[in-house]
Amino acid sequence: MAMQMPFAGLLLMHRLVRISSQRQLSSRFILHKCNRRQTRTFSTAFVNCNENKGDDSDPSPLSSNLTFRQALLSKRRSLSPLERISSLMPHEALSPEVMQLRDEQNQEDPEEEANIHTQEEHEAIPNEEDSETHHSSDTAMETDEQEEDKGSIRPTLPGESLLVFGELLVAEFRKKSRVEFKKMFGLEAGARLNSNWGMILHDDIAGQPAGRFLKTGRGIPLLIRRPSLEDYVLCMKRGPAIAYPKDAATMMMMMDVSEGDCVLESGSGSGAMSLFLSRAVGYKGSVLSVEVREDHHKRAVLNYNRWRTAWSLRQREEWPNNVQFHRADLCTASSLIAGQGFNAVALDMANPHLVLPTVIPHLHTGAVCAVYLANITQVIDLLEGLRCLALPLLCERIIEVPVREWLVAPALQKDGKYCVRKAPVPEGEQREETEKEETITEEPAAFGSFPYIARPHPEQMSHTAFLVKLRKCER
């Protein structure tokens with residue numbers, strides 16, 4: 001009898017362990033089904049995940065589905081040690097009470113699994129109304145994206161035109177008030193704008209308004225704009241050195257060039273001065289440009305025609321074709337200007353005093369001859385030539401035109417934040433002011449709150465030329 005009691009106890013423990021293992025396998029099967037359903041639910045287009053995870057008022061279908069499964073699993077009791085041991089025992093060793101309890105649990109499991117399968121089948125069939133709703137929302141989103149793309153090109157103002165193929169454009173990248181990259185290019189279909197900061201397709205630039213920032217493939221914004229005449233002169237291909245815009249503007253002020261004037265230019269160079277004179281005299285005036293070298297003559301003609309083509313696409317009107325380019329030497333080509341009178345003369349050559357005897361008789365009395373010279377020794381030779389030739393010319397001015405760029409910007413601290421202008425504070429209140437500054441939030445500061453630094457720019461333009469103003473006068 002003593003030996004039968006331990007054996008019965010072992011049988012009971014084995015049976016309890018067996019029941020526990022069966023229930024554990026059933027629980028693993030249900031959890032596996034839940035995980036598989038969760039993965040499938042994320043991959044379908046009929047579930048909209050709630051972006052606000054903390055919002056309990058608008059649960060997603062996925063969260064309700066998991067809640068249902070958790071409710072089913074919560075009905076199952078946790079496996080006790082007695083149940084685990086009894087599941088390991090043979091069937092014959094279990095008592096009638098344990099057998100009855102086990103049969104009841106086995107009957108409940110198929111019903112729960114059937115409910116789970118029914119719920120999964122019901123969720124797997126998409127509702128037609130939900131699909132139509134999601135389809136309409138997707139269509140609305142696509143429509144909004146198209147409207148945003150169309151709205152990215154703002155309506156043009158009166159007289160404003162969008163960029164078209166064939167135009168000349170300038171791409172700029174500025175960093176800390178400095179131009180790090182500047183390039184002039186022609187807008188062509190299928191071409192690319194390449195730079196160290198990335199690439200932009202020309203097709204993406206066409207149709208955009210001028211003066212807009214476009215991002216490269218690396219996300220760097222480049223300013224795309226139309227070039228001014230000053231930009232074109234500085235960026236165009238050149239043979240000899242050009243007359244810089246600051247000097248060209250001063251020369252035209254010396255000569256007092258206006259619309260309808262007839263101007264003689266000796267030394268076409270790369271065509272910079274010819275373009276400035278062409279715009280100054282307008283449709284009613286004319287410019288006669290003479291160049292002795294053939295390569296310089298061709299370069300000046302190409303640059304002039306290229307600007308006229310770009311201008312016609314940009315302004316929808318023709319640039320005045322008022323410049324006549326000739327390849328000749330004014331020292332021996334007096335027949336080229338025979339019978340003509342000029343309101344002004346611009347000379348850009350190494351030895352201008354050699355052509356003065358040929359040019360000055362055709363200059364109106366009281367008019368000005370402006371001479372562009374690179375170094376001071378040329379100025380001395382010009383004045384010596386005037387003394388020896390005894391021409392009716394008066395040297396009024398010899399100037400150099402300096403341009404000094406300045407850097408003016410708000411003062412910054414080492415951490416990149418703006419400095420704040422501070423009023424004088426007594427020593428006792430200095431600690432309180434420091435604590436207040438730490439609690440200041442980033443808000444738009446009032447006018448005059450930031451101190452500025454102002455100093456000459458570290459990169460300055462050096463000497464370019466001397467300008468000599470000669471006026472024709474009679475005694």
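Rules used throughout
Residues numbered from 1 in each chain as written. Predicted model: local features only at pLDDT ≥ 70, side-chain atom pairs only at ≥ 80, totals over all residues. Heavy atoms only, no water. UniProt positions renumbered as here; feature names shortened; annotations may be inferred. Salt bridge = Lys/Arg side-chain N within 4 Å of Asp/Glu carboxyl O. Buried < 20%, exposed > 50% of the residue type's maximum accessible area, 1.4 Å probe, protein only. Helix = DSSP H or I, 4+ residues; strand = E, 2+ residues; numbered from the N terminus. Polar contact = N/O pair within 3.5 Å; in protein donor to acceptor, adjacent residues only side chain to side chain. Contact = heavy atoms within 4.5 Å. Pairing = 2+ DSSP bridges. Axes fitted to C-alpha atoms, helices over the stretch in contact; angles between N-to-C directions. Patch = residues over 30% accessible without salt bridge, like charges linked within 9 Å, V, L, I, M, F, W, Y side chains within 5 Å. Areas by Shrake-Rupley, 256 points an atom, 1.4 Å probe, with all protein chains shown as cover.

As named in an unreviewed UniProt entry, the chain is tRNA (adenine(58)-N(1))-methyltransferase, taken from Notothenia coriiceps. Turning to the chain, the UniProt annotation filed under Catalytic activity (unreviewed entry) states: "an adenosine in mRNA + S-adenosyl-L-methionine = an N(1)-methyladenosine in mRNA + S-adenosyl-L-homocysteine + H(+)".

Asks: With reference to specific residues and values, describe the pattern of salt bridges.
Replies: Within the structure shown, the criterion is met by 14 salt bridges. A salt bridge links Lys 246 to Asp 247; the shortest N-O distance between them is 3.1 Å. Take Lys 246 and Asp 247: they sit in the same class, and that class is buried. A salt bridge links Glu 294 to Lys 298; the shortest N-O distance between them is 3.4 Å. One end of the pair is Glu 294 and the other is Lys 298, both in helix H10 (residues 294–315) and four residues apart, which spans about a single turn. Look at Glu 294 and you get partly exposed, because its relative accessible area is 42%. Among the ionic contacts, a cluster of salt bridges with common partners joins Glu 172, Arg 174, Lys 182, Arg 225 and Asp 231.

Asks: A description of the side chain of Arg 226 should follow, citing residues and the corresponding values.
Replies: Residue position: Arg 226 is located in the loop between strand E6 (221–225) and helix H7 (229–235). A polar atom in the side chain of Arg 226 sits 3.1 Å from the backbone oxygen of Ser 161. With residues near it in sequence (within four places) discarded, Arg 226 still touches Ser 161, Leu 162, Leu 163, Glu 167, Leu 168, Leu 169, Ala 210 and Arg 314.

Asks: Lay out the sheet that holds strand E1 (residues 168–175) in plain terms, naming residues and giving numbers.
Replies: Judged by pairing direction, the sheet is antiparallel, and its four strands sit side by side in the order E2-E1-E6-E5 without closing on themselves. For this open sheet the edge positions go to strand E2 (178–186) and strand E5 (212–215), each flanked by a neighbour on one side alone. In this sheet, adjacent strand axes meet at a mean angle of 30 degrees when their direction is disregarded.

Asks: Account for a nonpolar patch on the surface, naming residues and giving values.
Replies: On the surface, a nonpolar cluster with roughly 370 Å² of combined accessible area is contributed by Trp 406, Val 408 and Tyr 452. Position of Trp 406 among the secondary structure elements: in strand E13 (residues 406–410).

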